[in-house]
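Summary of the model geometry
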Amino acid sequence: MNPIIRRELVGFLRTPRALAILVGVAGAFALLVLVRWPSEPIVAMNGSESENIFRLFGYGLLATVLLLVPILPATSIVRERVAGTLTLLVNSPMSTWSIYTGKLAGSFGFSLLLLAMSLPAAAACNSMGGINPMDLVTLYLMLALTCLQMSSLALYISTHVGSSDSGLRSTFGGVLALSVLTLVPFHFFRSLGEIEPVTRWLRWLSPIPAMQELMGHLHVGMSAAEQETDLLPKYLVAAVLSSLLFSALTIRRLSHRILDRSRAQGVMTHDRTTAAQWGRRLLYLVDPQRRAIGIPPFVNPVLIKEFRCRRFGRSYWLIRVMMTCSIISLLLTFLTVQESIEQGVARIAVLLAILQFCLVLLLTPSLASSLISSERESGGWVLLQTTPLRGYTILSGKLMSVVWTLLLVVISTMPGYWVMVYLKPDLWLSINRVTISLALACVLAISVSAAVSSLFRRAAASTSVTYGILLAVYAGTFLIWMARDAPFGHEIVEGALRLNLLAASLQILNVQGFTAYDLVPQAWWFAGVTSVILLVFVVIRTQWLLRPS
């Protein structure tokens, strides 16, 4: 047996965290089926109840796979590098293929155990009747390939990052890009005949359309021109090919070259092409080599420290981010004008709102979930304790570094809304209320991330927990919404959706399925009050951590 499999899989299964994950998944899916179990001894002959349970079970299992599967492989290789054992592993008699096979088999084995924990719930769904057993087999085959695809992606990302928390952030970003963002070009470029085949190929990489086809929901939110058949077999092929591609790239990096990080010699500016010279003039509006001025007395030194220690916090990197976001905004505005003629402005507003919330859920934990935990892990918190800075100054500087960066990204997505208001002035009030929901979502995400960061000593753990909490709030409430009217009544679904600011935005935009619920301003009050409570907790926790030990 490959010794890496034993160390990766068996070693992780012996930890309390693995036991909690497995038991939690089994209990969650058992409860998911029980709450949808019919209370009467009479079952509809058309199998509608069992079909609804099967749909909820399938979507919940896909969300679990996308959330939990990448955690172990995302830190597998970078953990070896940080501990110094990657050098011993590369120089061992084991071949590169054996090393990668052991890493992938360990991660994939844990993924299969996660799927196995849901088998009792799947058997309960099948016992109700009305479900084709081949659909269950197809569901598990598809999810197994999804586990393989996400594990290989996470292992490849793990070879490029320098820390465990960075690996988790990058991996969750890659999972979001592969499962959600690959669907966006198809909606925006559908009217362009030259690019449409490429957008369809990108769509095959995502497991969501394949799951929709398997559950009979492929037509939801799509026009007749957008519908496509046989997405499930296309995804299975795309998942295998993408897994092979990620595996080949990872094996290529698992050599002595991964240990030797030589810096490029560089090229003088006048030796570059004319296009490259003009590009550098635009990128380097702020000279990165100039001497930094001193910190003025009225500026928070912790804020400057966070910006200068974070790669994307330096001034010239911030300008690059602003320029990139501005270009994307102009492109998005152009697409908005083009698509609004055929699809309607309101539908583009819904897509933009979903994209904005995805950006907030992806970027905020990556920026704020390690504000305090990374300092405690690296020993920098001890240095902060020795400074004359007060706890409020330290905490406000760290939080403002996240607020400014997130503000730039959010503002860069607003020009599309402005064009929509110009095309359809009646949307002004709705866009204004969606903007309020987005701002409160940013505040809530920052508060949750900072509170979790103050509770953990390791950045990787705080990052995982933060992503789990935010995805549970947003994805979990949508699962309850999918179970509306059976068994959850109108009041329960409405109460759950009031925790979800994205659902509130969809209700503001009059999306079908959300108009029957009264979510605003109750969702705003929940987000505001929760954020205040969490920020007060962070202040108290920071003062407690700054006390001399």
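Structural notes, computed from the coordinates. (Residues numbered from 1 in each chain as written. Predicted model: local features only at pLDDT ≥ 70, side-chain atom pairs only at ≥ 80, totals over all residues. Heavy atoms only, no water.)

Considering the nonpolar core
Applicable threshold: Residues belong to a common nonpolar core when they are buried Ala, Val, Leu, Ile, Met, Phe, Trp, Tyr or Cys residues joined through side-chain atoms within 4.5 Å. Each residue's exposure class comes from its accessible area (1.4 Å probe, protein chains only) as a fraction of the maximum for that residue type: buried when under 20%, exposed when over 50%, partly exposed otherwise. Contacts are residue-level and defined by heavy atoms, with any inter-residue pair within 4.5 Å sufficient.
Ranked by internal contacts, the top residues of the largest apolar core, which has 64 residues, are Phe57, Phe110, Leu114, Leu115, Leu139, Leu143 and Met211. Excluding residues that lie within four positions of it along the chain, Leu139 makes contacts with Phe54, Phe57, Gly58, Met211, Leu214 and Met215. Core analysis: the second largest hydrophobic core is formed by 59 residues, Val302, Phe514, Tyr517 and Leu519 among them.

Observations concerning the pattern of salt bridges
The test is simple: We define a salt bridge as a side-chain nitrogen of Lys or Arg found within 4 Å of a carboxyl oxygen belonging to Asp or Glu. Each helix corresponds to a stretch of at least 4 residues labelled H or I by DSSP, and each strand to a stretch of at least 2 residues labelled E; elements are numbered beginning at the N terminus.
By the definition in use, this model includes eight salt bridges. A salt bridge links Arg79 to Glu8; the shortest N-O distance between them is 3.8 Å. In this pair, Arg79 sits in helix H5 (residues 76-83) while Glu8 sits in helix H1 (residues 3-13), placing the two residues 71 residues apart along the sequence. Its relative accessible area of 37% is what places Arg79 among the partly exposed residues. Residue Glu8 is classed as buried on the basis of its relative accessible area of 5%.

Quick word on the environment of Arg55
With respect to the secondary-structure elements, Arg55 resides in helix H3 (residues 48-68). Look at Arg55 and you get buried, because its relative accessible area is 17%.

Some details on the side chain of Thr182
Selection criterion: Any pair of nitrogen or oxygen atoms within 3.5 Å is treated as a polar contact; in protein, a donor-acceptor pairing is required on top of that, and neighbouring residues in sequence qualify only through side-chain atoms on both sides.
Take Thr182: it is sitting in the loop between helix H10 (164-179) and helix H11 (184-188). Thr182 sits in the buried class, given a relative accessible area of 10%. Among the polar contacts listed, one links the side chain of Thr182 to the backbone oxygen of Leu178, at a separation of 2.8 Å. In this structure Thr182 touches Ala177, Leu202, Arg203 and Ser206, once residues within four positions along its chain are discounted.

Overview of the environment of Trp481
By secondary structure assignment, the location of Trp481 is in helix H24 (residues 459-482). Look at Trp481 and you get buried, because its relative accessible area is 16%. Residues Trp481 and Leu497, spaced 16 residues apart in sequence, show a C-alpha to C-alpha distance of 7.3 Å. Sequence-distant contacts of Trp481, that is, excluding residues within four places in its chain, are made with Val493, Leu497, Gly513, Phe514 and Tyr517.

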